[in-house]
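Remarks on the overall topology
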Amino acid sequence: MEYRTLVTMRQNHPTWRLLMADHAPLIVSFLFDTFVEPNIRSLAQSELVARLDDYLYSLRGNLGEDVFPREAAHYLDAWASDEHAWLRKYYPANSDEPHYDITPATEKAIDWLTSLEQRKFVGTESRLMTVFELLHQLAEGTETDPWTRIAELERRKTEIDAEIRRLRDGHIYLLDSTRIKERFLQISATARELLSDFREVEQNFRNLDREVRERIATWDGSKGELLEKIFGERDMIADSDQGKSFRAFWDFLMSPNRQDELGTLLAKIFGLKPVQDLEPDRRMLRVHYDWLQAGEMAQRTVARLSEQLRRYLDDKAWLDNRRIMQLVREIEHSALALRDTPPTGTLAAIDEPVPNLNLSMGRALFDPPLKPEINDVPFEGLADVPTDALFNQIYVDKERLAMRIRQALQRHPKVSLSDMIARHPIEQGLAEVVAYFSIAADDPAAIINDTARETLTWTDENGATRQATLPTVVFCRPVTAAIGAG
């Protein structure tokens, strides 16, 4: 927390700018009531404008007609601008209407302001127990000596046996009301923070995707190097620390047994008298469904970003016109250069503000064409037209390659790409090798090892020997994993 760093954050960080804004009470209260409190992930522009209109009308009735004189749409556009970045404005798939969602920076500001309220009860024991439990998990999960881990399990077994004997003797230990309230409040706070973290997870995924796109947009190397780069970046989002953590959370939560267990435990806890004295929010009973909804939004973001990255593999511009690709790259370079310093003034203009309508009743009636008269006149001296170019297109049958892989995996638990090529030599050159890599990228059981390389050799249609050095690919027989294993 150096002075210059804090000065920069004060000028540029959206959270700090929101806290300093003149209309901060309006912005925070409206966004809290609209997005955070009901846990709404996204709203269409028309619905959000209507809600803000009602909210402004209520404030003007209490504070006077002169407060907040602008229209609701103007406020939303200002909050979603790059200057403020308190709302994210985007177009969902298959929708022409913009949608809004609060940014992680806005949610951080709201959470900090919420924490300023006086808490009814401050618990410390439960958090201390959580720290000890996490320390035990780290110590046990990183212990490499098997005998040390066995000794720890024996110690826990002894404690469990002693607890069983005490219960059989009638000695039952129960938490008092203070400990029950303390642990429940910590559960509520953690559940709320988890919902808040999903927006930041989505934003980080979008930032990762943006970095990859920038590298591809500014690429000026060869096609082979670009394909290798794309193959290396293909799973960067899913293989990042945040992606691995989110995938583990999603697999845990998607288990029907875990969902039933969460629902049963929440219902039991809400039936306790000390918990009822706290008058908790009843929506806490379905917090796991809120997690699923928020997690699904993040899951869709990851899937959409991965699919958009894969489209670079199918880019046919490399095969058409190099000049067109060069112009596209220049436009992308210019767009990146103007991102932080957008131009001022009028950017575009249209001649007619109203579209031309073509009504079905305004069309002319059907007029059957005259039957043409075709004379059968023989042609002489017809020049030879080369048609070889029509048959030079390369089509790789990925389904045929996948069938070969499945047949090989019926006899062996795993087979490498070099083994497949040894059994079935390359017939269609580099395109067939790329098809094998595409199949491996779509197969969750396949392994693409970037640290190990192998050289593939084939003979082209001219009889020349070709070689390619690529990451090692191993196709494995799929194994059904136990869902919801503890």
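Refer to the structure printed above.
This one's a predicted model, so the numbers in the text were calculated from it and none came from an experiment. (Residues numbered from 1 in each chain as written. Predicted model: local features only at pLDDT ≥ 70, side-chain atom pairs only at ≥ 80, totals over all residues. Heavy atoms only, no water.)

Some points on the overall build of the chain
Selection criterion: Starting at the N terminus, helices and strands are each numbered in turn, a helix being any DSSP run of H or I of at least four residues and a strand any DSSP run of E of at least two. The cut-offs for exposure are 20% and 50% of the maximum accessible area for each residue type, with area from a 1.4 Å probe on protein chains only; residues under the lower value are buried, those over the upper are exposed, and the others partly exposed. With residues, only the protein chains shown are counted as cover, and all accessible areas are computed by Shrake-Rupley using a 1.4 Å probe.
Within the chain one finds 20 helices and six strands. By the burial criterion, 28% of the 486 residues in the chain qualify as buried. Of the roughly 34400 Å² of accessible surface on the chain, 55% is carried by carbon and sulfur atoms.

Topic: the packing of aromatic side chains
Spelled out, the test is: Any two rings among Phe, Tyr and Trp, with Trp reduced to its six-membered ring, count as a pair given centres within 6.5 Å; such a pair is stacked if its planes are under 30 degrees apart, edge-to-face if over 60, and tilted if neither.
Tallying each qualifying case throughout the model produces three aromatic pairs. When the ring of phenylalanine 30 is compared with that of tyrosine 55, the centres are 5.6 Å apart and the planes differ by 55°; the resulting orientation is tilted. Of this pair, phenylalanine 30 sits in helix α3 (residues 24–36) while tyrosine 55 sits in helix α4 (residues 45–63); the two residues are 25 residues apart in sequence, bridging distant segments of the chain. By relative accessible area, which is 1% here, phenylalanine 30 ends up buried. The class of tyrosine 55 is partly exposed, set by a relative accessible area of 21%. Ring centres of phenylalanine 30 and tryptophan 79 lie 6.3 Å apart, and the angle between their planes is 50°; on these two criteria the pair is classed as tilted. Of this pair, phenylalanine 30 sits in helix α3 while tryptophan 79 sits in helix α5 (residues 72–79), and the two are 49 residues apart along the sequence. An aromatic cluster is built from Phe30, Tyr55, Tyr75 and Trp79, whose rings are joined through pairwise contacts.

Side note on the side chain of arginine 17
How we decide: Here a polar contact means two N or O atoms within 3.5 Å. Within protein one must be a hydrogen donor candidate and the other an acceptor candidate, and residues neighboring in sequence count only if both atoms are side-chain atoms. Two residues qualify as a contact provided that any one of their heavy atoms is within 4.5 Å of a heavy atom in the partner residue.
Inspection of the secondary structure assignment puts arginine 17 in helix α2 (residues 14–20). In this structure the side chain of arginine 17 is engaged in a polar contact, spanning 3.5 Å, whose partner is the backbone oxygen of glutamine 11. Here the side chain of arginine 17 touches histidine 84 through a polar contact of 3.3 Å, landing on its backbone oxygen. In this structure, arginine 17 is in contact with Arg10, Gln11, Asn12, Asp82, Glu83, His84 and Trp86, ignoring residues within four places of it in sequence.

Comments concerning α5
As a reminder, the rule being used: Arc definition: it is the arc formed by the directions from the helix axis to the C-beta atoms.
Buried within α5 we find Ala72, Tyr75, Leu76 and Trp79. End-on, the buried residues of α5 take up no more than an arc of 100°, which puts them together on one face. As for α5, its buried residues are in contact with α3, α4, β2 (87–90) and β3 (99–102).

Section: the packing of helix α18 (residues 398–411) against helix α20 (residues 430–442)
For the record, the criterion: Interaxial angles span 0 to 180 degrees and are taken between N-to-C directions of axes, which are lines fitted to C-alpha atoms, for helices over the stretch in contact. Roughly parallel refers to an angle under 35 degrees, roughly antiparallel to one over 145, roughly perpendicular to one between 65 and 115, and oblique to any angle outside these ranges. We call a crossing left-handed when the near helix sits turned anticlockwise from the far one by less than a right angle, and right-handed when that turn is clockwise. Polar here means any residue outside two lists: the nonpolar Ala, Val, Leu, Ile, Met, Phe, Trp, Tyr, Cys and Pro, and the charged Asp, Glu, Lys and Arg; Gly therefore counts as polar.
The contact between α18 and α20 brings their axes to 10 Å, and the two run at 65°. Relative to α20, the element α18 lies roughly perpendicular. Helix-helix and strand crossings are classified by hand; for α18 and α20 the assignment is right-handed. Between α18 and α20, the residues in contact are Lys398, Leu401, Ala402, Arg404 and Ile405 and Glu432, Ala435, Tyr436, Ser438, Ile439 and Asp442, respectively. Across the contact of α18 with α20, the residue classes tally to six nonpolar, one polar and four charged.

Some thoughts on the pattern of salt bridges
To be explicit about the condition: By salt bridge we mean one thing: a side-chain nitrogen of Lys or Arg within 4 Å of a carboxyl oxygen of Asp or Glu.
Here the structure, examined in full by the defined rule, presents seven salt bridges. Across the salt bridge formed by arginine 51 and glutamate 47, the nearest N and O atoms sit 3.0 Å from each other. A residue pair is termed a helical-turn pair when its members lie 3 or 4 positions apart in one helix, as arginine 51 and glutamate 47 do in helix α4 at four residues. Judged by its relative accessible area of 32%, arginine 51 is partly exposed. Classification of glutamate 47 by relative accessible area gives partly exposed; the value is 35%. Between glutamate 399 and arginine 406 there is a salt bridge, with its nearest N and O atoms 3.2 Å apart.

Details of unusual backbone geometry
Even without glycine at this site, phenylalanine 68 takes up a positive phi of about 50°. Structurally, the position occupied by phenylalanine 68 is in the loop between α4 and α5. With relative accessibility at 13%, the residue phenylalanine 68 sits in the buried group. Unlike most non-glycine residues, alanine 85 shows phi in positive territory, near 60°.

Here we look at the sheet that holds strand β1 (residues 43–44)
Applied cut-off: A pair of strands is labelled paired if DSSP reports no fewer than 2 bridges between them.
Pairing within the open sheet is antiparallel, and its three strands lie in the order β1-β3-β2. Of all strands in the sheet, those bounded by a partner on one side alone are β1 and β2. The pairing of β2 with β3 spans four bridges and is antiparallel. When the sheet's bridge partners are listed, lysine 89 is paired in β3 with tyrosine 100.

A few points about empty space enclosed by the protein
To find the voids left in a structure, one rolls a probe of water-molecule size over its atoms. Condition: Within this scheme a cavity is a closed region of a 1 Å grid, computed over the protein atoms alone, that accommodates a 1.4 Å probe without allowing it to escape, whereas a pocket is open but has protein on both sides within 12 Å along at least five of seven lines; lining residues each have an atom within 4 Å of a point. Grid points are joined across faces, edges and corners, and a volume is the space filled by probe spheres set on the points.
In the structure shown here, the tally under the stated rule is two cavities of 30 Å³ or more. A volume near 30 Å³ is recorded for the second largest cavity. Around the second largest cavity, the lining residues are Arg88, Asp101, Ile102, Pro104, Arg199, Glu202 and Arg206. Listing elements by their share of the lining of the second largest cavity, those giving two or more residues are β3 and α9 (177–217). The leading source of residues in the lining of the second largest cavity is α9, at three residues. Here the lining of the second largest cavity is built from residues that sort into two nonpolar, no polar and five charged.

Overview of the sheet that holds strand β6 (residues 465–476)
With antiparallel pairing, the three strands of this open sheet are ordered in space as β4-β6-β5. Sheet topology places β4 (414–416) and β5 (447–459) at the edges, where each strand pairs with a single neighbour. Each strand axis lies, on average, 30° off the axis of its neighbour in the sheet, ignoring direction. Where β4 meets β6, three bridges bridge the pair, whose relative direction is antiparallel. From the neighbouring strand, lysine 414 faces β6, where its bridge partner is cysteine 476. Here α20 sits on the sheet and contacts β5 and β6; the angle it forms with β6, its principal contact strand, is near 15°.

Description of the pairing of β6
When β5 meets β6, the two strands line up antiparallel, connected through ten bridges. Bridged to leucine 456 within β6 is alanine 468. The hairpin turn running from β5 into β6, its antiparallel successor, is five residues long, and glycine 463 in that turn takes a positive phi close to 90°.

What to know about helix α8 (residues 146–168)
Selection criterion: To estimate the expected span of a helix, subtract one from its residue number and multiply by 1.5 Å.
End to end, α8 covers 33 Å across 23 residues, agreeing with the expected 33 Å (1.5 Å per residue, within 8%). Two or three places before tryptophan 147, at the start of α8, stands the capping residue aspartate 145, its side-chain oxygen 3.3 Å from that residue's backbone nitrogen. Positive phi shows up at glycine 170, right after α8, with a value of about 95°.

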